Amino acid sequence: MTEQKTLATKPHPAIAFLAALFFVACALFVSWIAVTNEKALVLNGLLHLSPDEATGLYWGLAAASIGLAISGFRRFYRLLTGR
């Protein structure tokens with residue numbers, strides 16, 4: 001059989017930091033949309049949401065972005081400290 005080689009790769013901390021900043025920006029943008037939302041939302045004609053339901057969806061997307069940002073910052077910290 002052929003031998004399998006394993007390469008030890010370690011992502012650069014800057015990539016994790018930039019990813020975390022991207023999700024912070026996403027969270028801020030979607031939060032702003034949620035705060036200023038006054039319109040209903042129709043997704044591909046399949047999903048019809050009232051203005052209140054659309055606002056709830058936007059807040060959910062903002063919360064998911066915050067979670068991903070926290071995950072990115074934790075990864076950045078672990079890459080810096082070697083933990």
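All values derive from a computational prediction rather than experimental measurement. (Residues numbered from 1 in each chain as written. Predicted model: local features only at pLDDT ≥ 70, side-chain atom pairs only at ≥ 80, totals over all residues. Heavy atoms only, no water.)

**Student:** Could you give me a rundown of the overall build of the protein, with the residues and numbers involved?
**Tutor:** Within the protein, the secondary structure is distributed over two helices and two strands. Counting only C-alpha atoms and orienting by the principal axes, one finds that the protein spans roughly 60 × 35 × 15 Å. Expressed as a percentage of contacts within the protein between residues at least 6 apart in sequence, the contacts between residues at least 24 apart total 64%. Roughly 6,700 Å² of accessible area belongs to the protein as shown, and the carbon and sulfur atoms make up 66% of that amount. Each charge sign in the protein was given a centre, from 7 positive and 4 negative side chains, and these centres are 23 Å apart. (Helix = DSSP H or I, 4+ residues; strand = E, 2+ residues; numbered from the N terminus. Contact = heavy atoms within 4.5 Å. Areas by Shrake-Rupley, 256 points an atom, 1.4 Å probe, with all protein chains shown as cover. Lys, Arg positive; Asp, Glu negative; His and termini not counted. Charge placed at Lys NZ, Arg CZ, Asp CG, Glu CD.)

**Student:** How would you explain a positive patch on the surface if you had to name every residue and give the values?
**Tutor:** A cluster of basic side chains, namely Lys10, Arg74, Arg75 and Arg78, defines a positive patch on the protein surface. Structurally, Lys10 can be placed in the segment before helix H1 (13–36). (Patch = residues over 30% accessible without salt bridge, like charges linked within 9 Å, V, L, I, M, F, W, Y side chains within 5 Å. Salt bridge = Lys/Arg side-chain N within 4 Å of Asp/Glu carboxyl O.)

**Student:** Now, about the packing of H1 against helix H2 (residues 51–81): what can you tell me, with residues and values included?
**Tutor:** Look at H1 against H2: their axes get within 8 Å of each other, and the N-to-C directions meet at 160°. The pairing of H1 with H2 is recorded here as roughly antiparallel in orientation. Where H1 crosses over H2, the handedness of that crossing is left-handed. Here the contact of H1 with H2 is built from residues that sort into 24 nonpolar, four polar and one charged. (Axes fitted to C-alpha atoms, helices over the stretch in contact; angles between N-to-C directions. Parallel < 35°, antiparallel > 145°, perpendicular 65-115°, else oblique. Left-handed = near helix turned anticlockwise from the far one by under 90°. Nonpolar A, V, L, I, M, F, W, Y, C, P; charged D, E, K, R; others polar.)

**Student:** Provide a residue-level description of the nonpolar core, including the pertinent values.
**Tutor:** Judged by nonpolar contacts, Val30, Ala34, Leu41, Leu49, Ala54, Tyr58 and Ala62 together constitute the single largest core of seven residues. Contributions of two or more residues to this core are made by H1 and H2. Considering each element in turn, this core owes the most residues, three residues, to H2. Apart from residues no more than four positions distant in its own chain, Ala62 is found in contact with Ala27, Val30 and Ser31. (Core = buried A, V, L, I, M, F, W, Y, C linked by side-chain atoms within 4.5 Å. Buried < 20%, exposed > 50% of the residue type's maximum accessible area, 1.4 Å probe, protein only.)

**Student:** Describe a nonpolar patch on the surface, with residues and values.
**Tutor:** A cluster of nonpolar side chains, Phe17, Leu18, Leu21, Val24, Leu28 and Phe73, forms an exposed patch at the surface whose accessible area comes to about 510 Å². Ranked by residues supplied to the nonpolar patch, first place goes to H1 with five residues. Examined against the element boundaries, Phe17 turns out to sit in helix H1. Of the residues examined, Phe17 reaches a relative accessible area of 32% and is grouped as partly exposed.

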